[in-house]
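One letter stands for each residue in the lines below.
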Amino acid sequence: MTIGVTDHAVERYLQRVRGVLDPRPEIAGRVRLAYEAGNVSGGERGAIHVRDLDRPDLVYVCMHDRPRDELVVVTLWEEGDDPAVPKRFTDALRRRGRTSAG
């Protein structure tokens, strides 16, 4: 199974985990390892939640593209009370994006 990563997932990874030159291979690798280890649960509307092995608070939200046999990382989030990027900052970015877009 191949693993694809959306632009949104890359953005969220860079906000929450670390800045790297090319995060897509790193995200795909982390998701593959966790998926193969069985760190997987079902989510809403057919989503697949894959929990990172190194950071169990980090959850990748994926969709399975069956015709292509591809697991697509759509977004990710942190669980727990002490996220690397507090929700107030990501909420502020979201509000600013709506305002500037019209």
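Everything that follows concerns the structure shown earlier in this document.
The structure reproduced in this document is the subject of the present report. Quick caveat: nothing in here was measured; it's all calculated off a predicted structure.

Calculation notes
- Residues numbered from 1 in each chain as written.
- Predicted model: local features only at pLDDT ≥ 70, side-chain atom pairs only at ≥ 80, totals over all residues.
- Heavy atoms only, no water.
- Helix = DSSP H or I, 4+ residues; strand = E, 2+ residues; numbered from the N terminus.
- Buried < 20%, exposed > 50% of the residue type's maximum accessible area, 1.4 Å probe, protein only.
- Contact = heavy atoms within 4.5 Å.
- Pairing = 2+ DSSP bridges.

## Brief notes about the overall build of the protein chain
- Of the regular secondary structure elements, the protein chain holds three helices and five strands.
- Per-residue burial for the protein chain yields a buried fraction of 34% across its 102 residues.
- Residue pairs in contact within the protein chain that sit at least 24 positions apart in sequence constitute 39% of those at least 6 positions apart.

## Here's the deal with unusual backbone geometry
- Phi is positive for R45, close to 50°, though the residue is something other than glycine.
- Relative to the helices and strands, R45 resides in the loop between β2 (40-42) and β3 (48-51).
- Judged by its relative accessible area of 76%, R45 is exposed.
- Phi is positive for D69, which is not a glycine, with a value near 50°.
- The partly exposed category is assigned to D69, whose relative accessible area is 38%.

## Description of the pairing of β3
- Summarising the sheet, β2 and β3 pair through three bridges and their orientation is antiparallel. The residue bridging V40 from the neighbouring strand is V50, located in β3.
- In this antiparallel pair of consecutive strands, β2 and β3, the connection spans five residues, and R45 shows a positive phi of 50°.
- Pairing of β3 with strand β4 (residues 58-65) involves four bridges; the strand directions are antiparallel. The partner of V50 across the bridge, within β4, is Y60.
- The hairpin turn running from β3 into β4, its antiparallel successor, is six residues long.

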